[in-house]
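Coordinate inspection notes
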Protein chains: 2
Amino acid sequence: MINRPFSSSVLEAAVDAFASLPGIGRKTALRLVLHLLRQEDSHVENFGKLLTTLKQDIHYCTVCHNISDTDVCSICQDSSRDRTKLCVVENILDVMAIENTMQYNGLYHILGGVISPMDGIGPADLEIASLIDRVKSGEFSEVIFALSPTMEGDTTAFFISRQLSGTNVRLSVIARGIAVGNSLEYADELSLGRSIVNRTKME
Amino acid sequence: MINRPFSSSVLEAAVDAFASLPGIGRKTALRLVLHLLRQEDSHVENFGKLLTTLKQDIHYCTVCHNISDTDVCSICQDSSRDRTKLCVVENILDVMAIENTMQYNGLYHILGGVISPMDGIGPADLEIASLIDRVKSGEFSEVIFALSPTMEGDTTAFFISRQLSGTNVRLSVIARGIAVGNSLEYADELSLGRSIVNRTKME
């Protein structure tokens, strides 16, 4: 239904912009634009101005590469955290998810993605070199990989671990298995298999 | 997970802006912002500029109030269309849907919504006065209401039809009934009831 030419080129450009976002089709994009047209002028204008300068205004922590208002983010500055543990994640969403578990008190290193030749993302596009530098400085006793359980995530962890061989740092990977609350019969075979191989002693 | 304070106020403002859109929660909003941060600077900048001037750049047809690049939209200008029929709809999405059926060749009038006291939308907020003027000019022999089959849609059609009583124009409403391809047992009672009351002669 949305393939017909639009009655307005401005409308079409706005729909195209929203439809370029992941998970938003042209029909949803049109709904979003029509919604914005019903809002106050100032609201839409501020939204636009915010996006226009978004990439200049966003700063990254110079240590862990998380998004931050300051040069060094609040987690990296926090002296009450365990500064001997480093958790390697893909993005800020993962940091927030792990922080919310309240089970980790170490530091983070945000790669900005995983190695994915299909999408043209190589090691040089990620914050891998700075990770190696951080670890080789000798600050950390353990590096924990918390990457997606995909081929790309595994490849990335393997690539980094190869570069860290020879250091005394303990490398670990977050446990994979059956999610809490899931019944066995609905678990995928790979996760179930891993949960058997990596079984833990009952306490 | 997304209720924790963000590590950056710019990020938070961007997430708030996207999360103000209908159907987009804070988690999805954060994903969209992270996606934009991975795009080319110029792409994000153009997106922002487009939104900043969106409300000034969008023009409405002075006749039917559809979104248009020109003062009078292409449908209103089209002399090959049946200019004695006027279809009353809520918004441009409805025009596109009806155009795609290829079953209607008349003109349109876009109200910009329906009367909804709950949302603070009264007759004065909609293009009702201009509709009455258009119909009373005597151009049209039939006005077809194609509004949502809701209380608000029915109220709006009733409100307009009252104001048009006394004119010679035929008022009609699009048929409501069982959707093509739907089986009877899953149809709601109201639609099934209407489809029986408004049964048509077999051809």
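Residues numbered from 1 in each chain as written. Chains lettered and ligands numbered in written order. Predicted model: local features only at pLDDT ≥ 70, side-chain atom pairs only at ≥ 80, totals over all residues. Heavy atoms only, no water.

1. Brief notes about the overall build of chain A
- On a plain count of helices and strands, chain A comes out with nine helices and six strands.
- Expected size for 203 residues packed as a compact globule is a radius of gyration near 17 Å; at 22 Å, chain A overshoots this value by more than 25%.
- Taken along its principal axes, the extent of the C-alpha atoms in chain A is 65 × 45 × 35 Å.
- Looking at the 203 residues of chain A, the share that counts as buried comes to 39%.
- A separation of at least 24 residues holds for 48% of the contacts in chain A among residues at least 6 apart in sequence.
- When the accessible surface of chain A is split by element, carbon and sulfur atoms take 53% of a total near 11,400 Å².
- Counting 18 positive and 25 negative side-chain charges, chain A places the centres of these two groups 4 Å from one another. (Helix = DSSP H or I, 4+ residues; strand = E, 2+ residues; numbered from the N terminus. Rg over C-alpha atoms; globule rule 2.2 N^0.38 Å. Buried < 20%, exposed > 50% of the residue type's maximum accessible area, 1.4 Å probe, protein only. Contact = heavy atoms within 4.5 Å. Areas by Shrake-Rupley, 256 points an atom, 1.4 Å probe, with all protein chains shown as cover. Lys, Arg positive; Asp, Glu negative; His and termini not counted. Charge placed at Lys NZ, Arg CZ, Asp CG, Glu CD.)

2. Description of the interface of chain B and chain A
- Between chain B and chain A, the residue contacts involve 54 residues of the former and 55 residues of the latter.
- Counting the surface lost from both chain B and chain A, the interface buries some 5,200 Å², and carbon and sulfur atoms represent 73% of this.
- Where chain B meets chain A, there are two salt bridges.
- Between chain B and chain A we count 14 residue pairs in polar contact (both at pLDDT 80 or more) in total.
- Within the residue set of the side of chain B that touches chain A, elements represented by two or more residues are helix H1 (9-19), helix H2 (26-37), helix H3 (41-52), helix H4 (54-57), strand S2 (67-68) and helix H6 (92-101) of chain B.
- In terms of residue count, the dominant contributor to the side of chain B that touches chain A is H3(B) (10 residues).
- In the side of chain B that touches chain A, the residues fall into 30 nonpolar, 13 polar and 11 charged. (Buried area = accessible area lost by both parts, 1.4 Å probe. Salt bridge = Lys/Arg side-chain N within 4 Å of Asp/Glu carboxyl O. Polar contact = N/O pair within 3.5 Å; in protein donor to acceptor, adjacent residues only side chain to side chain. Nonpolar A, V, L, I, M, F, W, Y, C, P; charged D, E, K, R; others polar.)

3. Quick look at the environment of His43(A)
- When you line up the elements, His43(A) lands in helix H3 (residues 41-52).
- Among the residues examined, His43(A) registers a relative accessible area of 30% and is labelled partly exposed.
- There is a polar contact of 3.5 Å between the side chain of His43(A) and the side chain of Ser20(B).

4. Observations regarding the nonpolar core
- Counting residues in hydrophobic clusters, the biggest one holds 48 residues, and the most contacted among them are Leu11(A), Phe18(A), Leu54(A), Leu11(B), Phe18(B) and Leu54(B).
- Elements that contribute at least two residues to this core include exactly helix H1 (9-19), helix H2 (26-37), H3 and helix H6 (92-101) of chain A together with H1, H2, H3 and H6 of chain B.
- Sequence-distant contacts of Leu54(B), that is, excluding residues within four places in its chain, are made with Val10(A), Ala14(A), Val33(A), Leu36(A), Leu37(A) and Val44(A). (Core = buried A, V, L, I, M, F, W, Y, C linked by side-chain atoms within 4.5 Å.)

5. Observations concerning the packing of aromatic side chains
- Evaluation of the coordinates by the stated rule reveals four aromatic pairs over all chains.
- Summarising the aromatic geometry, the rings of Phe47(A) and Phe18(B) are spaced 5.0 Å apart at their centres and angled 90° between planes, so their arrangement reads as edge-to-face. Placement of the pair is Phe47(A) in helix H3 and Phe18(B) in helix H1, with the two residues belonging to separate chains.
- The class for Phe47(A) is buried, based on a relative accessible area of 2%.
- Overall, Phe18(B) belongs to the buried group, its relative accessible area being 0%.
- With centroids separated by 5.3 Å and ring planes inclined at 65°, the aromatic side chains of Tyr104(B) and Tyr108(B) adopt a geometry described as edge-to-face. We note that Tyr104(B), like Tyr108(B), is buried. (Phe/Tyr/Trp six-rings, centres within 6.5 Å; stacked < 30°, edge-to-face > 60°.)

6. With respect to the relation of the copies chain B and chain A
- Under the fitted operation, chain B is carried onto chain A by 0.0 Å of movement along the axis and a turn of 180°, and the coordinates agree to an RMSD of 0.1 Å. The transformation just described matches what one would write down for a two-fold rotation axis. Among all C-alpha atoms of chain B, that of Gly48(B) lies closest to the rotation axis, at 2.1 Å.
- When the interface residues of chain B are mapped onto chain A, 100% of them again lie at the interface, so the same face is used by both copies. (Least-squares fit on C-alpha atoms with pLDDT ≥ 70 in both.)

7. As for the side chain of Asn66(B)
- Position of Asn66(B) among the secondary structure elements: in the loop between strand S1 (59-60) and S2.
- Contacts of Asn66(B), omitting those with residues within four sequence positions, involve Ser7(A), His59(B), Tyr60(B), Cys61(B), Ile92(B), Val95(B) and Ile110(B).

8. Section: the confidence of the model for chain A
- Confidence in the prediction for chain A averages 88 pLDDT; 97% of positions are at 70 or higher.
- In the predicted assembly, ipTM is 0.78 and pTM is 0.76. (pLDDT = per-residue confidence, 0-100.)

9. Examining the pairing of strand S4 (residues 107-110) of chain A
All names here are of chain A.
- Residues Leu-107 and His-109 point to one face of S4 and Tyr-108 and Ile-110 to the other, with burial holding for every one of them.
- Bridge count between strand S3 (residues 85-89) and S4: four bridges; the pairing is parallel. Considered in S4, the bridge of Cys-87 is made with Tyr-108.
- Each parallel crossover has a hand, and for S3 linked through H6 to S4 it is right-handed. (Pairing = 2+ DSSP bridges. Right-handed = clockwise from strand over helix to strand, strands pointing away.)

10. Topic: the sheet that holds strand S4 (residues 107-110) of chain B
Residue and element names in this part refer to chain B.
- Taking strand neighbours across the sheet as the criterion, the four strands line up as S4-S3-S5-S6 in an open arrangement whose pairing is parallel. If you trace the sheet from one side to the other, it starts and ends with S4 and strand S6 (170-173), each paired once. Pairwise comparison of adjacent strand axes, ignoring direction, gives a mean angle of 25° for this sheet.
- Sheet analysis places strand S5 (residues 142-145) next to S6, joined by four bridges and oriented parallel. Directly across from Ile-144, in S6, lies its bridge partner Ser-172. (Axes fitted to C-alpha atoms, helices over the stretch in contact; angles between N-to-C directions.)

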